[in-house]
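Observations on the model geometry
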Amino acid sequence: MSSITQPIGGHGDAAGGHEHHPSGIMRWITTTNHKDIGTMYLWFSFTMFLVGGVFALTIRSELFEPGMQILRPERFNQLITLHGLIMIFGALMPGAVGFANWMIPMQIGAPDMAFARMNNLSFWLLPPAAIMLLLGLFVPGGAPETGWTLYPPLSIQQGMGMDLTIFAIHIMGASSIMGSINIITTILNLRAPGMTMMKMPLFCWSWLITAYLLIAVMPVLAGAVTMLLTDRHFGTSFFDAAGGGDPVLFQHVFWFFGHPEVYIIILPAFGLISEVIPTFSRKPLFGYASMVYALCAIAILSFLVWAHHMFTVGLPAAGILFYMYATMLIAVPTGVKVFNWLATMWKGSITLEAPMLFALGFLFLFTTGGFTGLILAIQPVDVQFQDTYYVVAHFHYVMVAGTLFAFFAATYYWLPKWTGHMYNETLAKWHFWGSFIFFNVAFFPMHFLGLAGMPRRIPDYAQQFTNWNQVSTVGAFGFGLSQLILLYVVVMCIRGGKPAPAKPWEGATSLEWTLPSPAPYHSFPTPPVVQ
Amino acid sequence: MTTAGAVRVPQEDDFEARRRAAARRTGFGLLLVALIFFFGFIASRVWLSSDVSMGVVGAAVVVFVIVAVGRHLRK
């Protein structure tokens, strides 16, 4: 990783004469500045996180007791679908793009993203897409009841909400592809002199690989949902068995996209954690090159395991064995990463500020989620757990404790650089402990429910599942309320507080820390020289 | 670079112009890949059987990722 830098012209020049920008609402609508766009992505992501969270709490409220309390079954299924789509396409992916927008140009010494206007467009496509997605709740027939996987034949039979969802996915997909093109182009062409690929911060590497994955899989998903649309309205039968189509093909295509999607979401989180752990261990990242190779290996293997989501559709035995072993193989590069993070901390001078707490929380909980993933990779076991709460527990340990905890760590890590103020460390630690404890209260019991056979995506359940469901619901509300602490801390940090120095973290080494805090509106108008 | 027989020192504008041109080339290349995957996937499903279309598109996508990511590892 680059550590010694000499910006040409000095830091003060970075801002000199370049701070003019429109004010008011027009600043945000017309901006081409990567920091503004990054900020908008992050706020959009947080808003969607709250919307998806409210849906999750509504679902958990319904599941507090057996029987139907507050939702009709079809509305319950609609909220399940929207919760998944909003969290993945509205919260996690835009959140990761927000961090990329803010940090990649500063970490590689670039003045901005390569295509600044396209950057603006790729953000402003998201709000209409999100509105379109939510609009499904208010049209006849409501939102799709298919779950986020949109499997036919149900998705072919759904009402107008399904069309809105398909268009929303198209728009979000276009936004993601534009964002990816921008990120790859920026990293490949705008690096500062001396910033070779193997000197780049690992967050940039993780996003470079993620962006390639997005360009590879998003068009395939867009193609699949386009074919779904033509099946619904233009008389084709790609996936409609009634017309000779193949519904299982949709499952293959969806998971060919959907499994790399998991890594699209988690790889940037790996990058973020790889920034935080060395900083608070006051040691360079252990095994930088092996971390890069592990990222590449995970990315490539992610394309070879999709059918482990489909172990119950009737795959041939050879196929089952291949996907089973290939899935287990992913544990190797992932294990390399976990080992390297632990080795980075080994004999480090560790301090436990909020970013490091969240990074440690990530490490512990993501590894737990990884282990349950290994269990689910075993086909005979997976057949038993298919569509139970065990699967729900597994992917929430990966998605929430993995990606979201990494986002929280990165938010606290870079808040001083973004706002120019130090955040309230005490409240941030409260946020961590609230999130960590209530996350486990919410999701760990789901393992027991799944092992006992409770099916997911069903609004009612048998009496014997009541206790753990009640515990889970209490945990979910606790986790949701804990996030209000984050909102408060961030708002207070924006409004004021103790001024942050250029490098508030002793162990931080990458280029962004050579800039003053808050980072000037235009950073690195002259490329720094990386030695 | 030479202009009218005189040696001209490369200017910062030249550097910026080259960088912009390189960025445009990369951007268009990636856009082309995305469009090929989108239309190629639909076309393969229209003209080929399920197994073959999945095989062709799957192989193309995996090869793209291996080549795209792999070539940066040598730098």
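These numbers were taken from a predicted model, which means no experiment stands behind them.

Quick look at the overall build of chain A now. Across its full length, chain A carries 17 helices and two strands. Taken over the C-alpha trace, chain A has a radius of gyration of 23 Å; the compact-globule value for 531 residues is 24 Å, and the two agree within 12%. Dimensions of chain A along its principal axes, counting C-alpha atoms only, are 70 × 50 × 45 Å. Counting across all 531 residues of chain A, residues that qualify as buried make up 55%.

Residues and elements named next belong to chain A. Here glycine 161 shows up in helix 8 (residues 160–189). We classify glycine 161 as buried; it has 24 C-beta atoms within 10 Å. Distance in space between the C-alpha atoms of glycine 161 and alanine 143 is 4.5 Å, their sequence separation being 18 residues. Apart from the residues within four sequence positions on either side, glycine 161 is in contact with Gly136, Val139, Gly141, Gly142, Ala143 and Pro144.

In this section: helix 10 (residues 247–281) of chain A. Residue and element names in this part refer to chain A. When the terminal C-alpha atoms of helix 10 are compared, their 50 Å separation across 35 residues agrees well with the 51 Å that a helix rising 1.5 Å per residue should span. Along its length, helix 10 shows its largest kink, about 25°, at tryptophan 255. In terms of residue burial, helix 10 counts as a mostly covered element, since 30 of its 35 residues are buried. Of the residues trailing helix 10, arginine 282 is marked for its positive phi of about 55°.

On to unusual backbone geometry. Residue and element names in this part refer to chain A. Following proline 152, the chain continues to proline 153 via a peptide bond in cis, the omega torsion being 10°. Following serine 517, the chain continues to proline 518 via a peptide bond in cis, the omega torsion being -5°. Structurally, proline 518 can be placed in the loop between helix 17 (466–495) and strand 2 (528–530). Phi angles above zero are rare outside glycine, and arginine 457 is one such case at about 60°. For arginine 457, the position within the fold is in the loop between helix 16 (425–451) and helix 17. Despite not being glycine, phenylalanine 524 shows a phi value in the positive range, around 50°. If you trace the backbone, phenylalanine 524 turns up in the loop between helix 17 and strand 2. Note on phenylalanine 524: 27 C-beta atoms within 10 Å, which makes it buried.

Here we take up the packing of helix 3 (residues 34–62) of chain A against helix 4 (residues 73–108) of chain A. How two helices sit against one another is set out by the angle between their axes and by the gap between those axes. All names here are of chain A. Direction vectors running N to C along helix 3 and helix 4 enclose 155°, while the axes themselves pass 7 Å from each other. Compared by their axis directions, helix 3 and helix 4 come out roughly antiparallel. Considering the relative orientation of helix 3 and helix 4, their crossing is left-handed. In terms of residue class, the contact of helix 3 with helix 4 is made up of 21 nonpolar, 10 polar and two charged.

Time to look at the nonpolar core. All names here are of chain A. Counting 188 residues, the largest nonpolar core has Tyr212, Val220, Ile273, Leu295, Phe362 and Ala409 as its most contacted members. Considering each element in turn, this core owes the most residues, 22 residues, to helix 9 (residues 202–233). When near neighbours in sequence (up to four residues on either side) are disregarded, phenylalanine 362 contacts Ile273, Ala401, Gly402, Phe405, Ala406 and Ala409.

The rules behind the values
- Residues numbered from 1 in each chain as written.
- Chains lettered and ligands numbered in written order.
- Predicted model: local features only at pLDDT ≥ 70, side-chain atom pairs only at ≥ 80, totals over all residues.
- Helix = DSSP H or I, 4+ residues; strand = E, 2+ residues; numbered from the N terminus.
- Rg over C-alpha atoms; globule rule 2.2 N^0.38 Å.
- Buried ≥ 20, exposed ≤ 12 C-beta atoms within 10 Å, placed from the backbone.
- Contact = placed C-beta atoms within 7 Å.
- Expected span 1.5 Å × (residues − 1).
- Bend = angle between axes of the 7 residues up to and from the residue.
- Axes fitted to C-alpha atoms, helices over the stretch in contact; angles between N-to-C directions.
- Parallel < 35°, antiparallel > 145°, perpendicular 65-115°, else oblique.
- Left-handed = near helix turned anticlockwise from the far one by under 90°.
- Nonpolar A, V, L, I, M, F, W, Y, C, P; charged D, E, K, R; others polar.
- Core = buried A, V, L, I, M, F, W, Y, C linked by C-beta atoms within 7 Å.

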